[in-house]
Amino acid sequence: AYPYAALCDILILRSFADGDPIRDHLASAVNYMVEQGKFEGLQVSIVDISNREGLVSALNDFKGLMVIFDCHGNHGGEEDMAWLNVGGERLDIWHIYQEARVPPIVVLAACSTHPVEGSHASVANGFLESGAESVIGTFAPVDSAHATMFVVRLLERVATYLPLVLKRRNYSWREVVTGLLRMSYVRDVLDLLKDEMRLLSEEQYCRIHVDANMLINLNEDGGWFEKFKASICEVLGYDQEQGDLLWRNNFQFLDSMLFVQLGKPENIIITSSDF
């Protein structure tokens, strides 16, 4: 168990070439949220690293619970391991525990850190081997804008949602991330319906979105998905058969499903106060 205050110290490790077009995507979004007061209570540090020594030094200097990697990633197929691109080099993070302290929570905002077409030697598994309790990895290449939004929503959830629910009970990290993944899926579906398929109005989009988030967060309703689907079918005037067809053809796999939570996140319990 960890007090909530320990979760508020967050490290972002960034490694991009100076001219990389996505270099500032996450940093700019995080800094904007800080300036707008959306991350009140969080201490977010962004540290640039260019080699393994810089990574080890940054991890050893950090005493918090969560580190976020903002860089490129890739893998070597079924016969080789995956890696993070740090300073233009393929960084193998297996056995990094021999050199550095790995915090309990690792978030990998990089491509293919637990690739479905790769070997067991993924970046995510490497961090689990080095002592992380929870790792958020990616099944395939991810769009930088989507990865940025995912991290921003995660930090906002820590800053805004957790203090509210901790007044009722302790909360596991599994619940934090599971709720985020569900809300991300809801948003992916609604964005597609409104912006690309043009089947929802702005008012319908907002109402369904709020109702779904309430089911997921406030009510912690195990039937949130069926109720979310039913609310869309009601607005569109679809019966169950039409609704099932809509889902099979459009919403079986969306961008939010590229992120996966690994490890034993249920073992990380966040409490409201020191003990």
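The coordinates are above.
Predicted model, so just to flag it, every value in this text is computed and none were measured. Each residue is numbered by its place in its chain's sequence as written, counting from 1. Note on the predicted model: pLDDT of at least 70 is required for a residue's local features to be given, and 80 or more for side-chain atom pairs to be given and counted; whole-chain, interface and lining totals, by contrast, use all residues. Only hydrogens and water are set aside; all other atoms, that is, all heavy atoms of the structure, feed into the side-chain values.

Turning our attention to the nonpolar core. Within the largest apolar cluster, 42 residues are counted, with the highest numbers of intra-cluster contacts made by Leu42, Met66, Ile68, Leu155, Leu162 and Trp173. Elements are defined by DSSP. Helices are runs of H or I of four residues or more, strands are runs of E of two residues or more, and each kind is numbered from the N terminus. If you tally residues by element for this core, the top one is helix H5 (residues 144–165), at 11 residues. Residues contacting leucine 162, with those up to four places away along its chain left out, are Tyr4, Leu7, Arg157, Tyr171 and Val176. Counting residues in each nonpolar core, the second largest holds 30 residues, with Leu11, Ala82, Leu91 and Phe127 among its members. For our purposes a nonpolar core is just a set of buried Ala, Val, Leu, Ile, Met, Phe, Trp, Tyr and Cys residues, chained together by side-chain atoms within 4.5 Å. Relative accessibility thresholds used throughout: buried, under 20% of the residue-type maximum; exposed, over 50%; partly exposed, between the two (1.4 Å probe, protein chains only). Whether two residues are in contact is decided by their heavy atoms, any of which lying within 4.5 Å being enough.

A few words now on the side chain of lysine 194. In this fold, lysine 194 is placed in helix H6 (residues 173–196). In the analysis that follows, any N or O atom pair within 3.5 Å is treated as a polar contact, provided that within protein one partner can donate a hydrogen and the other can accept it, and provided that, for residues neighboring in sequence, both atoms belong to side chains. Reaching out from lysine 194, the side chain makes a polar contact with the side chain of aspartate 195 at a distance of 2.7 Å. Within the structure, the side chain of lysine 194 is placed 3.4 Å from the side chain of glutamate 202, a separation counted as a polar contact. When near neighbours in sequence (up to four residues on either side) are disregarded, lysine 194 contacts Leu200, Ser201, Glu202 and Tyr205.

Lines are fitted to the C-alpha atoms to define the axes, a helix being fitted only along its stretch in contact, and any angle between axes, read from their N-to-C directions, falls within 0 to 180 degrees. Contact geometry for helix H7 (residues 202–218) and helix H8 (residues 224–236): axes closest at 9 Å, N-to-C directions at 165 degrees. The pairing of H7 with H8 is recorded here as roughly antiparallel in orientation. Here H7 runs over H8; the crossing is right-handed. From H7, Gln204, Arg207, Ile208, Ala212, Leu215 and Ile216 reach across to H8, where they touch Trp224, Lys227, Phe228, Ser231, Ile232 and Val235. In this count, Pro and Cys sit with the nonpolar residues alongside Ala, Val, Leu, Ile, Met, Phe, Trp and Tyr, while Asp, Glu, Lys and Arg are called charged and the others, Gly among them, polar. Residues of the contact of H7 with H8, tallied by class, amount to eight nonpolar, two polar and two charged. An angle below 35 degrees is read as roughly parallel, one above 145 as roughly antiparallel, one from 65 to 115 as roughly perpendicular, and any other as oblique. Here a crossing is called left-handed whenever its near helix is offset anticlockwise from the far helix by less than a right angle, and right-handed whenever the offset is clockwise.

Residues with no salt bridge and a relative accessible area higher than 30% make up the patches, which join like charges within 9 Å and nonpolar side chains (Val, Leu, Ile, Met, Phe, Trp, Tyr) within 5 Å. In short, Shrake-Rupley with a 1.4 Å probe defines the accessible areas, and a residue's cover is counted only from the protein chains shown. Salt bridge, as applied in this entry: a Lys or Arg side-chain nitrogen positioned within 4 Å of an Asp or Glu carboxyl oxygen. Note that His is not counted, nor are the chain ends; the positive residues are Lys and Arg, and the negative ones are Asp and Glu. Every charge is mapped onto a representative atom, which is NZ of Lys, CZ of Arg, CG of Asp or CD of Glu. Together, Glu78, Glu79, Asp80 and Glu117 line one region of the surface with negative charge. Topologically, aspartate 80 is positioned in the loop between strand S4 (66–75) and strand S5 (82–86).

Moving on, we get to a nonpolar patch on the surface. On the surface, Val210, Met214 and Leu218 cluster together into a nonpolar patch covering about 270 Å² of accessible area. Tracing the backbone through its elements, the reader meets valine 210 in helix H7.

Here the focus is the packing of aromatic side chains. Geometry of aromatic contacts follows a simple scheme: Phe, Tyr and Trp rings, the Trp one being its six-membered ring, pair when their centres are within 6.5 Å, and the pair is stacked under 30 degrees between planes, edge-to-face over 60, tilted otherwise. Within this structure, the stated rule accounts for eight aromatic pairs. Ring centres of tyrosine 185 and phenylalanine 225 lie 6.3 Å apart, and the angle between their planes is 45 degrees; this geometry places the pair in the tilted category. Of this pair, tyrosine 185 sits in helix H6 while phenylalanine 225 is found in helix H8, placing the two residues 40 residues apart along the sequence. A relative accessible area of 27% means that phenylalanine 225 is categorised as partly exposed. The interplanar angle of 75 degrees and the centroid separation of 4.8 Å between the aromatic rings of tryptophan 247 and phenylalanine 251 together place this pair among those described as edge-to-face. Judged by relative accessible area, which is 4%, tryptophan 247 ranks as buried. Here the aromatic cluster, defined as three or more aromatic residues joined through ring pairs, consists of Tyr185, Trp224, Phe225, Phe228, Trp247 and Phe251.

Our next topic: unusual backbone geometry. One non-glycine residue, arginine 198, lies in positive phi territory at about 55 degrees. Tracing the backbone shows arginine 198 in the loop between H6 and H7. For arginine 198, a relative accessible area of 68% gives the class exposed. A positive phi angle, close to 50 degrees, is found at glutamate 220, a residue other than glycine. Residue glutamate 220 is classed as partly exposed on the basis of its relative accessible area, which comes to 35%.

Take the sheet that holds strand S9 (residues 171–172) next. Only strands joined by at least two bridges in the DSSP assignment are considered to pair. Strand order in this open sheet of three strands is S1-S11-S9, and the pairing throughout is mixed. Pairing within the sheet leaves two strands with one partner each, and these edge strands are strand S1 (2–3) and S9. Two strands pair when backbone bridges link them, and S1 and strand S11 (residues 269–271) are joined in this way by two bridges, in the parallel orientation. Paired with tyrosine 2 across the two strands is isoleucine 270, which belongs to S11.

Of all five residues in strand S7 (residues 105–109), five are buried; the element is thus mostly enclosed. Alternating residues of S7 divide into Ile105, Val107 and Ala109 and Val106 and Leu108, and every residue in both groups is buried. For S4 and S7, the ladder comprises five bridges, and the chain directions are parallel. Across the sheet, the residue bridging to aspartate 70 is alanine 109, located in S7. Note: S7 against strand S8 (residues 134–138), three bridges, orientation parallel. Note on S8: the bridge partner recorded for valine 107 is isoleucine 136. When the strands point away from the viewer, a crossover counts as right-handed if the path from the first strand over the helix to the second runs clockwise. Handedness of the S7-helix H4 (residues 123–129)-S8 crossover: right-handed.

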